[in-house]
Amino acid sequence: GDFVFLEQCIMETLRMISHTLGSMRLVKQPWVIGDYCIPPGYFVGVSHVANSYDEAIFPEPEVFNPDRWTNLNEKELEKQGLFTPFSGGSHKCPGRNFGVMLVKLMFISFLEYVDVSSLTFSPSPLSPLTWKRQALAERKHPCSVSFCPK
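Quantities reported herein were computed from a predicted structural model and do not represent experimental measurements.

Undergrad: Account for the side chain of Arg15, naming residues and giving values.
TA: Tracing the backbone shows Arg15 in helix α1 (residues 4-16). One polar contact links the side chain of Arg15 to the main-chain carbonyl oxygen of Ser52, over a distance of 2.6 Å. In terms of polar contacts, Arg15 uses its side chain to reach the backbone carbonyl oxygen of Pro61, at 2.8 Å.

Undergrad: Would you mind going over α1 in detail, with residue names and values included?
TA: For α1, which comprises 13 residues, the first-to-last C-alpha distance of 18 Å matches the rise-based estimate of 18 Å (1.5 Å per residue) to within 8%. Turning to α1, its buried residues are Leu6, Gln8, Cys9, Ile10, Met11, Glu12, Leu14, Arg15 and Met16.

Undergrad: Break down helix α4 (residues 96-113) for me, with residues and values.
TA: With 18 residues, α4 extends 26 Å between its outermost C-alpha atoms, agreeing within 8% with the 26 Å of an ideal straight helix rising 1.5 Å per residue. Turning to α4, its buried residues number three or more, namely Arg96, Val100 and Lys104. Relative to the axis of α4, the buried residues are bounded by an arc of 60 degrees and lie together on one face. Residues of α4 that are exposed and point more than 90 degrees away from the buried face comprise Phe98, Met106 and Tyr113. Contact partners of the buried residues in α4: α1 and α3 (74-79).

Thresholds, definitions, all that
- Residues numbered from 1 in each chain as written.
- Predicted model: local features only at pLDDT ≥ 70, side-chain atom pairs only at ≥ 80, totals over all residues.
- Heavy atoms only, no water.
- Helix = DSSP H or I, 4+ residues; strand = E, 2+ residues; numbered from the N terminus.
- Polar contact = N/O pair within 3.5 Å; in protein donor to acceptor, adjacent residues only side chain to side chain.
- Expected span 1.5 Å × (residues − 1).
- Buried < 20%, exposed > 50% of the residue type's maximum accessible area, 1.4 Å probe, protein only.
- Arc of directions from axis to C-beta.
- Contact = heavy atoms within 4.5 Å.

Now the structure itself:
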């Protein structure tokens, strides 16, 4: 198969936990945004996380819901600047497809050798997320995982 659900899980993870704070771009020509005009020579910062938690784009943004990607078009969201975990345009990460493929391969390999029914997590339930930086989430306490090989 093409592992559509696995890809949706990866996109949802990237949406919820960004690996970077954002991007900086140099304005090269006057740029009008609403009532504002940003003159050339200024830098503009774009937060990857701000859009990822915008309820108008992603309803119930705090909920991990891979199924939301069934009706979302990643390329269209990227084009609009609404989902940019790999940046966008001419600055887009050239390793995007390779990186996602590696995550898929690692996850599939893991499942091939591990009895998933034996997974246990501690502490249980998971502690709430804290925001060490604006983009990178981490748990207050370690999340230990134990499993049994097949």
